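Architecture and fold: a report
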Amino acid sequence: MTPPPPASTAPPPDARERTTIKVEIAIVLLVTFGLSGMSSILSLVEDALQTAALSDQTVALNSSRSSFSLIDLLFQLLSILRLCAWGALGLYLLWRADLAPRAIGLARPRLKIGLGHGVGLAALIGLPGLALYLVGNALGFNLNVVPSALDDHWWRVPALILYALANSGAEEIIVVAYLISRLRRLGLSENASLLCSSLLRGSYHFYQGVGGGVGNFLMGLVFGRYWQRTGRLWPLLIAHALIDIVAFVGYALLREHLSWLP
């Protein structure tokens, strides 16, 4: 499968279409990860102003929302549903722009390629990412990240897996497929579109510290370029989901047994 054609191969958009695309991108980002990015940067500034060093502070990715198990579960499911809605919004807007799921790399998955490339990308990003986190934490650039702070309910592991799947779908559809495709239509080069996508991905991870933002920016460069070169989105979804599942579920299962975990 080849990637969607650059904007230069299609009739150039007129002034009205360009304005429509710019407004659409602004709205989508304000509703989804753009607003999260601004909030994340503000959170990092607040943390940096605290008397305690960043490495002495802790941030939890998945936290309990209620002391009542059923209500907590419903809160978690609502958060998962919101992520699914973000991904669906990206797919819908691309479909309206004549980019069906097949055109952005979501055709019927080829299991061997999807899993093979997905696992490879997960290893390529996950292992260096963990090393970067540990180095950043040792240098005082990162907060202590707690991948799961959910209470020990019967539904904890299934909920964390659903979070990983929904988060993967929302991020890769919006940040890679949607944003790069729409920037292409505006005439931005592949490198410029990739840079915008990667900066967005890095921005909403700054709540983890400088290392978290930089690490995810680098992840964005790798994931975005892979999509631009191959046109395949399934491997990105698989890789991202695997990274998150290992982090979320692994931490939840091991934190009671490893004293060095935050």
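What counts and how
Residues numbered from 1 in each chain as written. Predicted model: local features only at pLDDT ≥ 70, side-chain atom pairs only at ≥ 80, totals over all residues. Heavy atoms only, no water. Core = buried A, V, L, I, M, F, W, Y, C linked by side-chain atoms within 4.5 Å. Buried < 20%, exposed > 50% of the residue type's maximum accessible area, 1.4 Å probe, protein only. Helix = DSSP H or I, 4+ residues; strand = E, 2+ residues; numbered from the N terminus. Contact = heavy atoms within 4.5 Å. Polar contact = N/O pair within 3.5 Å; in protein donor to acceptor, adjacent residues only side chain to side chain. Expected span 1.5 Å × (residues − 1). Arc of directions from axis to C-beta. Salt bridge = Lys/Arg side-chain N within 4 Å of Asp/Glu carboxyl O. UniProt positions renumbered as here; feature names shortened; annotations may be inferred. Phe/Tyr/Trp six-rings, centres within 6.5 Å; stacked < 30°, edge-to-face > 60°. Lys NZ or Arg CZ within 6 Å of the ring centre and 35° of its normal.

Before going further, it helps to spend a moment on the nonpolar core. Core analysis: the largest hydrophobic core is formed by 48 residues, its most contacted members being Ile 25, Phe 33, Ile 104, Trp 227, Leu 233 and Leu 236. Elements that contribute at least two residues to this core include exactly helix H1 (15-31), helix H3 (69-96), helix H4 (111-138), helix H5 (156-185), helix H7 (210-230) and helix H8 (234-254). A per-element tally of this core places H5 first, with 15 residues. The residues touching Phe 33, leaving out its near neighbours within four places in the chain, are Trp 86, Ala 170, Glu 171, Ile 174, Val 175, Leu 200 and Tyr 204.

Right, let's get into the side chain of Arg 182. Of note, Arg 182 is situated in helix H5. For Arg 182, a relative accessible area of 9% gives the class buried. Separated by 3.2 Å, the side chains of Arg 182 and Glu 24 make a polar contact. Filtering out sequence-adjacent residues up to four positions away, Arg 182 remains in contact with Ile 21, Glu 24, Ile 25, Leu 94 and Ala 97.

We now examine helix H2 (residues 33-49). Here H2 is 17 residues long and its end C-alpha atoms lie 24 Å apart, about the 24 Å a rise of 1.5 Å per residue gives. Taken as a whole, H2 has its buried residues at Phe 33, Gly 34, Gly 37, Ser 40, Leu 44 and Asp 47. The buried residues of H2 occupy an angular sector of 140° when projected down its axis, which confines them to one face. Facing away from the buried side of H2, by more than 90 degrees, are the exposed residues Leu 42 and Leu 49. The elements touched by buried residues of H2 are H1, H3, H5, helix H6 (190-203) and H7.

Here we come to the pattern of salt bridges. Tallied over the entire structure, the rule returns six salt bridges. Between Asp 152 and Arg 156 there is a salt bridge; the shortest N-O distance is 3.3 Å. For Asp 152, a relative accessible area of 65% corresponds to the exposed category. Exposure remark for Arg 156: the relative accessible area of 9% places this residue in the buried category. With a shortest N-O distance of 3.6 Å, Glu 171 and Arg 201 are connected by a salt bridge. Of this pair, Glu 171 sits in helix H5 while Arg 201 sits in helix H6, placing them 30 residues apart in sequence.

This part is about the UniProt feature "transmembrane region" (unreviewed entry) in the chain. Within the UniProt annotation, "transmembrane region" (unreviewed entry) is assigned to residues 25-45, 73-95, 115-135, 206-227 and 233-254. Between the first and last C-alpha atoms of residues 25-45 the distance is 26 Å; the span itself is 95% helix and 0% strand. Counting secondary structure, residues 115-135 comes out at 100% helix and 0% strand; the distance between its end C-alpha atoms is 30 Å.

Moving on, we get to the packing of aromatic side chains. Across all of its chains, the model carries three aromatic pairs by this definition. Here the aromatic rings of Tyr 92 and Trp 95 are separated by 5.9 Å at their centres, their planes lie at 45°, and the arrangement is tilted. You can see Tyr 92 and its partner Trp 95 sitting in helix H3, three residues apart, about one turn around the helix. Assessed through its relative accessible area of 40%, Tyr 92 is described here as partly exposed. Each member of the aromatic cluster is reached from another via a ring pair, and the members are Phe 33, Trp 86 and Tyr 204. Cation over ring: Arg 65 sits above Phe 75, and NZ or CZ is 4.5 Å from the ring centre.

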